[in-house]
Structure formats: C-alpha cells, structure tokens
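What the coordinates show
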Amino acid sequence: PGVGERLHAGGKLAVADLLSHVTDGRAHVRANAATALGTFGPAAAGAAIPIGVLLRDDDMRVRIAAAQALDKIGDDAVRETGAYLVGALRGDADVAKAVAPVLLARKARMLSALLKGLETDDDTHARRIIEVINALPDAQEILCDAIESPAENVQVNAAIGLGVLGEKRAGGAGRKALETRRTGGFARTREAVFKALGMWKA
C-alpha cells in the first residue's frame, strides 16, 4: 500500500504522530503537518485546537495550511476553532482569502465567533469580518442586533457594516438602527453612523 494508505490504516496513531510536528521549529514542517492532518477528515477532529493555534503562526503558509486543514476536517473542527479562524482574518490578505470561505461554508454556526471578532479596533480586520457577515442572507438582522452591543468597537463596526451592506439590504430596520445612534452614546459610534449614512448617499 502507498504511504497515504499506510497512514490512514494506522488512523489514531498517524494523527498522533503528525500532531508532534505541528510545533516543529521549521515552518514548512508545520504547514505540511497541518495539510497531512487535513487529509484524515473528521478522523482528525481531536487535532482541531492544535491546528487552530497554527492560525496564529508567524508564517503565512502555515496559517493558510491550517485553515485548509480545518475545512477538510469538517464543521465541528471549524466551529471549535472559530475564534482562531476569525482572528486569522487580521493581517495578510492571502490568509484572509483562505479563511473567509471556510467560515462562509458554515454560515450561522460561526456567528458567535464573528460577532466576538467585531470587538476588534483593527479596521482591516473589522472590514474582513463585515465582508463575511454581509455575505450571509440575514446580515441586516445580525448587524442590527450587533449595534445594540454595549461594546464600543462592536457598535462602530456594526454601523460600518450596515453602511457597507447598502441602503436597500439594510432596509428600514438598518436605517432606524443607525439614525437612533446619531446622538448620545460613544463619539466613535456617532462618527461611524455618519460615515455609514454617507456611504448610502454615495
């Protein structure tokens, strides 16, 4: 049998063997270990968190390999590592391109991780999270709920999200959510609301 068949025949043993390589000092070894673990599909579910940790790796190739591996391991692994995946939307655009489809394929299951991610004060990170949320059919409802958050960054990013969503998709509820925040509350939220409403006029 080929190497792949021998590895898969060993099942648990092979997963355990590969797991020791995700912390290797060499980036290409970490990336290859993640890719190999992905080939096990759901059988590698126990490796989800160690692979998720690789989404914070210094090396971009390792982060991309980790995102692709989690996608192959399946929904439960992606749900378990949601915070790592949303975190990986920060930084390199190529990594974000690899991560976004993994999140989108699970839609609502990833919502709590995406909403938690809106607490970021990193504009690029926020924009990438908004892009994922706005690709969901109920984006308007999600953002209208998010803008009610007591957290300033969540309010700011939800307001910008409604602006990006556009007047038509945001609808009456989106307009009301923005207009009721034009006064009072956080100064940054008010600024974001004016910016969002300005996007609709553009």
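Residues numbered from 1 in each chain as written. Predicted model: local features only at pLDDT ≥ 70, side-chain atom pairs only at ≥ 80, totals over all residues. Heavy atoms only, no water.

Regarding the overall build of the protein chain
Helix and strand counts for the protein chain stand at 14 helices and 0 strands. Counting from the amino terminus, helix and strand elements in the protein chain follow one another as α-α-α-α-α-α-α-α-α-α-α-α-α-α. Across its three principal axes, the protein chain shows a C-alpha extent of roughly 65 × 30 × 30 Å. In the protein chain, which comprises 202 residues, the share counted as buried stands at 49%. By sequence separation, contacts in the protein chain at least 24 residues apart represent 62% of the contacts at least 6 residues apart. Treating the 27 positive side-chain charges of the protein chain as one cloud and the 25 negative ones as another, the clouds have centres 3 Å apart. (Helix = DSSP H or I, 4+ residues; strand = E, 2+ residues; numbered from the N terminus. Buried < 20%, exposed > 50% of the residue type's maximum accessible area, 1.4 Å probe, protein only. Contact = heavy atoms within 4.5 Å. Lys, Arg positive; Asp, Glu negative; His and termini not counted. Charge placed at Lys NZ, Arg CZ, Asp CG, Glu CD.)

Points about the nonpolar core
Judged by nonpolar contacts, the single largest core of 70 residues is most densely connected at L55, L85, V99, L103, L162 and L178. Top element by residues in this core is helix α5 (residues 60–73). It accounts for 8 residues. Those residues in contact with L178 that sit more than four places away from it in its chain are I147, A159, L162, V193, A196, L197 and W200. (Core = buried A, V, L, I, M, F, W, Y, C linked by side-chain atoms within 4.5 Å.)

Description of the layout of surface pockets
If a probe the size of a water molecule is rolled over the atoms, the empty space left behind becomes visible. If you add up the space inside the largest pocket, you get close to 340 Å³. Along the wall of the largest pocket there are 16 residues; nearest its centre are D123, V156, N157, I160 and K195. With 5 residues, the top contributor of residues to the lining of the largest pocket is helix α14 (residues 187–201). Residue composition of the lining of the largest pocket, by class: 7 nonpolar, 2 polar and 7 charged. Volume-wise, the second largest pocket comes out at about 210 Å³. Lining the second largest pocket are 13 residues; nearest its centre among them are R56, A83, Y84, V86 and G87. Where the lining of the second largest pocket is concerned, the elements lending two or more residues are α7 (82–87) and α9 (111–117). Element by element, the count of residues in the lining of the second largest pocket is highest for α7, at 4 residues. (1 Å grid on protein atoms, 1.4 Å probe; cavity = no way out; pocket = protein on both sides within 12 Å on 5 of 7 lines; lining within 4 Å. Points joined across faces, edges and corners; volume = space filled by probe spheres on them. Nonpolar A, V, L, I, M, F, W, Y, C, P; charged D, E, K, R; others polar.)

Some remarks on the environment of D123
For D123, the location among the structural elements is in helix α10 (residues 123–134). On the basis of relative accessible area, D123 is assigned to the exposed category, the value being 64%. When the C-alpha atoms of D123 and R90 are compared, they prove to be 9.2 Å apart, with 33 residues separating the residues in sequence.

Focus: the pattern of salt bridges
Scanning the model with the defined rule gives 15 salt bridges in all. One connected set of salt bridges, linked through shared partners, spans D71, D75, R106 and R109. (Salt bridge = Lys/Arg side-chain N within 4 Å of Asp/Glu carboxyl O.)

Observations regarding the confidence of the model for the protein chain
Summing up the model confidence of the protein chain, the mean pLDDT is 93 and the portion of residues at 70 or higher is 94%. When the criterion is pLDDT under 50, residues 1–10 qualifies, and its contacts beyond four places in sequence or with other chains add up to 5 contacts. (pLDDT = per-residue confidence, 0-100.)

Some points on α10
The end-to-end C-alpha distance of α10, which contains 12 residues, comes to 16 Å, matching closely the 16 Å that a straight helix rising 1.5 Å per residue would cover. Summarising the contacts, the buried residues of α10 are in contact with α7, α8 (93–104), α9, α11 (139–146), α12 (152–165) and α13 (167–179). Of the residues flanking the start of α10, the one acting as N-cap is D122, its side-chain oxygen 3.0 Å from the backbone nitrogen of T124. (Expected span 1.5 Å × (residues − 1). Polar contact = N/O pair within 3.5 Å; in protein donor to acceptor, adjacent residues only side chain to side chain.)

Section: the environment of G184
Secondary-structure assignment places G184 in the loop between α13 and α14. Relative accessible area serves as the criterion here: at 47%, G184 is assigned to the partly exposed category. G184 sits 117 residues away from A67 along the chain, and the two C-alpha atoms are 41 Å apart.

Observations concerning the packing of α13 against α14
Between α13 and α14, the least distance of the axes is 12 Å, while the angle of their chain directions is 150°. Taken together, the axis directions place α13 and α14 in an arrangement best described as roughly antiparallel. The two elements α13 and α14 meet at a crossing, and its hand is left-handed. Only V193, A196, L197 and W200 of α14 make contact with α13, whose side of the interface consists of E167, A170, G174, R175, L178 and E179. Across the contact of α13 with α14, the residue classes break down as 6 nonpolar, 1 polar and 3 charged. (Axes fitted to C-alpha atoms, helices over the stretch in contact; angles between N-to-C directions. Parallel < 35°, antiparallel > 145°, perpendicular 65-115°, else oblique. Left-handed = near helix turned anticlockwise from the far one by under 90°.)

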